[in-house]
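Listed below, chain by chain, are the residues.
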Amino acid sequence: MKRKLNVRLLVRVVGTGFLIMLLLHIVHGFQISSQASTLFEQGMEAKAKKNYRRASLYLNHYLQRKPEDRNARVEQALILALSAQSPPQQWRAIAVLHRLLKDDPENKKARHHLARIAVKLKKYDQAITALKPLRKQTKEKERGELEHTLGWCYLGADEVQESLRCFRAAIDHAPGFLPGYVDLARLLWVRPPAGTA
């Protein structure tokens, strides 16, 4: 006795299997999307509580599911910068922030964090490079503090004349910013300009 293949039954079984797999794929995609948004929210909650290790962990998991999310990449880089304690962690943070600034050169937070870490590592040239572009972006009332920070970076890089210029600019932009006056006076006392003795 010859057995015949029931083509209709085969088509129905394969079609039903395909529809079930498609439905499972759609449900799985929805679950992953829902999980990803929860991971991002948990990461932001941990950041708000200053638990940077946990925040970084949640954002890493989130970015594995949503690698195209630029905002999450920015948050991850900033969390890495905030949590970097040892020099190797700080160098890693600098590398991540440099990559971030390559994609988004206008990111003020990233520039500030990069400069802060560079100063900790006594890499004043990198801090200066990170902060100088902010002169164009910074509002007038915040410009005094920026110039003051640049003054300290130039002083660390042993560029005294540029440091003096920045401290003077800090006073010009923010006359009420007292540290600008104090640091300018201190610098003029310790290193008076040539020709005044």
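Residues numbered from 1 in each chain as written. Predicted model: local features only at pLDDT ≥ 70, side-chain atom pairs only at ≥ 80, totals over all residues. Heavy atoms only, no water.

Attention now moves to the overall build of the protein. Secondary structure assignment for the protein yields 10 helices and 0 strands. For the protein, whose C-alpha radius of gyration is 28 Å, the value lies well above the compact-globule estimate of 16 Å for 197 residues. Principal-axis analysis of the C-alpha atoms places the extent of the protein at approximately 120 × 30 × 30 Å. Counted over contacts in the protein with a minimum sequence separation of 6, partners at least 24 positions apart contribute 43%. Counting only carbon and sulfur atoms, one obtains 59% of the accessible surface of the protein, whose full area is about 13400 Å². (Helix = DSSP H or I, 4+ residues; strand = E, 2+ residues; numbered from the N terminus. Rg over C-alpha atoms; globule rule 2.2 N^0.38 Å. Contact = heavy atoms within 4.5 Å. Areas by Shrake-Rupley, 256 points an atom, 1.4 Å probe, with all protein chains shown as cover.)

A few words on a nonpolar patch on the surface. Together, Leu5, Val7, Leu10, Val11 and Val14 make up a nonpolar patch on the protein surface, roughly 490 Å² of accessible area in all. Position of Val7 relative to the elements: it lies in helix H1 (residues 7-48). (Patch = residues over 30% accessible without salt bridge, like charges linked within 9 Å, V, L, I, M, F, W, Y side chains within 5 Å. Salt bridge = Lys/Arg side-chain N within 4 Å of Asp/Glu carboxyl O.)

To continue, consider the pattern of salt bridges. A complete count under the given rule lists 6 salt bridges for this structure. The salt bridge partner of Glu75 is Lys47, with a shortest N-O separation of 2.6 Å. Here the residue Glu75 occupies a position in helix H3 (residues 70-83), and Lys47 occupies one in helix H1, the gap between them amounting to 28 residues. Considered together, Glu75 and Lys47 belong to a single accessibility category, that of buried residues. Taken together, the shared-partner salt bridges connect Arg135, Arg143 and Glu147 into one network. (Buried < 20%, exposed > 50% of the residue type's maximum accessible area, 1.4 Å probe, protein only.)

Soluble globular proteins tend to pack their nonpolar side chains together in the buried interior. The biggest cluster of nonpolar side chains holds 28 residues, and the ones touching the most others in it are Leu97, Leu100, Ala110, Leu114, Ile117, Leu131 and Leu150. Where this core is concerned, the elements lending two or more residues are H3, helix H4 (87-103), helix H5 (108-120), helix H6 (124-131) and helix H8 (140-156). Among the elements that take part in this core, H4 stands out by supplying 6 residues, more than any other. For Leu150, the residues in contact, after removing those within four places along its chain, are Ile128, Leu131, Lys132, Arg135 and Cys166. Core analysis: the next-biggest nonpolar cluster, separate from the first, contains 12 residues, Ala36, Phe40, Tyr52 and Tyr58 among them. (Core = buried A, V, L, I, M, F, W, Y, C linked by side-chain atoms within 4.5 Å.)

Right, let's get into helix H10 (residues 178-190). Here H10 contains 13 residues, and its C-alpha end-to-end distance of 19 Å stays within 8% of the 18 Å for a straight helix at 1.5 Å per residue. Of the positions making up H10, those classed as buried are Gly180, Asp183, Leu184 and Leu187. Relative to the axis of H10, the buried residues are bounded by an arc of 100° and lie together on one face. Every exposed residue of H10 that faces more than 90 degrees away from the buried side is listed here: Leu178 and Trp189. Buried residues along H10 sit against H8 and helix H9 (160-173). (Expected span 1.5 Å × (residues − 1). Arc of directions from axis to C-beta.)

Taking 1.5 Å of rise per residue, 17 residues should cover 24 Å, and H8 covers 25 Å from first to last C-alpha, within 8% of that figure. All buried positions along H8 are accounted for by Arg143, Gly144, Leu146, Glu147, His148, Leu150, Gly151, Cys153 and Tyr154. In this structure, the buried residues of H8 make contact with H5, H6, helix H7 (134-137), H9 and H10. Just downstream of H8, Asp158 is the residue with a positive phi angle, here 65°.

Overall, the prediction assigns the protein a mean pLDDT of 85, with 94% of residues at 70 or greater. Per-element mean pLDDT across the protein ranges from 83 in H10 up to 91 in H6. (pLDDT = per-residue confidence, 0-100.)

This model, assessed by the stated rule, comprises 2 aromatic pairs. Between Phe40 and Tyr62, the ring centres sit 5.2 Å apart and the planes meet at 50°, which makes this aromatic pair tilted. On the criterion of sequence distance, the pair formed by Phe40 in helix H1 and Tyr62 in helix H2 (residues 52-65) is long-range, its members being 22 residues apart. Judged by its relative accessible area of 18%, Phe40 falls in the buried class. An angle of 80° between the planes, with centres 5.9 Å apart, marks the rings of Trp152 and Phe167 as edge-to-face. One end of the pair, Trp152, is in helix H8; the other, Phe167, is in helix H9, with 15 residues separating them in the sequence. Taking relative accessible area as the criterion, Phe167 reaches 1% and is therefore assigned buried. (Phe/Tyr/Trp six-rings, centres within 6.5 Å; stacked < 30°, edge-to-face > 60°.)

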